[in-house]
Amino acid sequence: MIKHKYACLGILCLMMFVVEPFYSQTPDVLRLEYMLMPENSGEVETSRIKLVLNVPFTVRDKKDYVVLGAEYNRYNFEVPDDLFPDAGDLSKFHVLDVNFAYLYKLSEKWNLIGVVTPRWSSNFVEELQEDDFNMNYTVGAYKNVKDVEKPYMLVLGISYNGTSPIDVPLPFVYYEKRFHPNWSYVLGAPKSGMKYFTKKGHFFQTEVFLDGYYVNIQNDILLSGNNLSTDVSSTALLLTLGYQYKITKDMSVYFIGGRSIYQNSALRNEEREDIFTLNDAAGLYFRTGIRIGI
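Parameters and conventions
- Residues numbered from 1 in each chain as written.
- Predicted model: local features only at pLDDT ≥ 70, side-chain atom pairs only at ≥ 80, totals over all residues.
- Heavy atoms only, no water.
- Core = buried A, V, L, I, M, F, W, Y, C linked by side-chain atoms within 4.5 Å.
- Buried < 20%, exposed > 50% of the residue type's maximum accessible area, 1.4 Å probe, protein only.
- Helix = DSSP H or I, 4+ residues; strand = E, 2+ residues; numbered from the N terminus.
- Contact = heavy atoms within 4.5 Å.
- Pairing = 2+ DSSP bridges.
- Polar contact = N/O pair within 3.5 Å; in protein donor to acceptor, adjacent residues only side chain to side chain.

Undergrad: What's the story with the nonpolar core in this structure? I'm lost.
TA: Burial of nonpolar side chains together is a common tendency in soluble globular proteins. F77, F84, L90, F93, V232, L267 and L278 are the most contacted members of the largest nonpolar core, which totals 17 residues. Elements with a minimum of two residues in this core: strand 3 (64–78), strand 4 (92–105) and strand 11 (202–223). The element best represented in this core is strand 11, accounting for 5 residues. Not counting residues within four places of it along the chain, the set of residues in contact with F84 comprises L90, I221, L223, L267, F276 and L278. L103, I113, V115 and M153 belong to the second-largest nonpolar core, a separate cluster that totals 12 residues.

Here it is as structure tokens:
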């Protein structure tokens, strides 16, 4: 029962964070992570501290699961002080998600999932404001086939992110297949890759995935041409190679490095239009952390 409980938690975490590409698709009960994108030719450096916590509960005669979770991200964004007035107000961003998820067992192979995520995202240079708050919604289904020669998992769904530059629901898909005792591949959006497993707790993977954020600016920034920026966003397409080591059965450390293939950090107006480019130069990417899960 415990093993099944955390397997379901893993799928729920996948659904919660599949549209938040940073190390999504991992069944974390607790995770602490540090990310660094060093200064590139655009003279911009970005770092982030992430904390994730998820707690599962069984309901409906232990057939269904409720997961209560939270994720906090603090971004440090260093841009030249003379780039525009009040550039220092963009030095720190905060994003807090509170996740309420429900997993409904539809059949022996299929499960339905719904996630509601209140989000607070801002630079918080003043008191909490109405524009700091948004709601995100995710619905989907997953199929996990284990008792076959080549086990696989399929996740399909749609998610609406109130802080996305694209203000429409977006579909996502995740398909992972273990085609060899030591190898599996992942196909999907926003993440694809390959995984290599060993019997001694070592795990390697390469990934191509999207990363990004969309944050409210409390004290709107007035730019040249009388353009008023109300939000800041970042989108990056990353290619990485990662290594993970199991310290114990449930605890692991990981190290990931790579490079951005595409990157665009920008100030946006109320219509979510890009009005000032902060950083569009490719650069290096590093991430490390410790996680407790399966």
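Read on, since the account is not over.
Undergrad: Where do I start with the pairing of strand 10 (residues 191–197) in this structure?
TA: On any regular strand, side chains alternate: one points to one face of the sheet, the next to the other face. With burial as the criterion, only one face of strand 10 is covered, namely that bearing K191, G193, K195 and F197; the residues S192, M194 and Y196 on the opposite face remain uncovered. Two elements, strand 9 (residues 183–189) and strand 10, share 4 bridges in a ladder whose sense is antiparallel. Residue pairing for strand 10: S184 is matched across the bridge by K195. If you look at the hairpin formed by strand 9 and strand 10, you'll find 1 residue sitting between the two strands. Judged from the 7 bridges that link them, strand 10 and strand 11 form a sheet pairing that is antiparallel. Bridge pairing in strand 11 places S192 opposite V208. Between strand 10 and strand 11, which pair antiparallel in sequence order, lie 4 residues; one of them, G201, sits at a positive phi of approximately 85 degrees.

Undergrad: Explain the side chain of N216 to me, please; I cannot follow it from the model alone.
TA: Mapped onto the fold, N216 is located in strand 11. Of note is the side chain of N216, whose polar atom sits 2.7 Å from the side chain of D132. Every residue in contact with N216, bar those within four places of it in the chain, is listed here: S121, S122, N123, Q129, D131, D132, T230 and D231.

Undergrad: Just checking my understanding: could you explain the pairing of strand 15 (residues 284–293) for this structure?
TA: Where burial is concerned, the two faces of strand 15 differ: the one with Y285, R287, G289, R291 and G293 is buried and the one with L284, F286, T288, I290 and I292 is not. One ladder, built from 9 bridges, connects strand 13 (residues 251–268) with strand 15; its direction is antiparallel. Bridge pairing in strand 15 places I256 opposite R287.

Undergrad: Where do I start with the side chain of R119 in this structure?
TA: Along the chain, R119 turns up in strand 5 (residues 110–122). At 2.6 Å, the side chain of R119 forms a polar contact with the side chain of D97.

None of this, on its own, says anything about what the molecule does.
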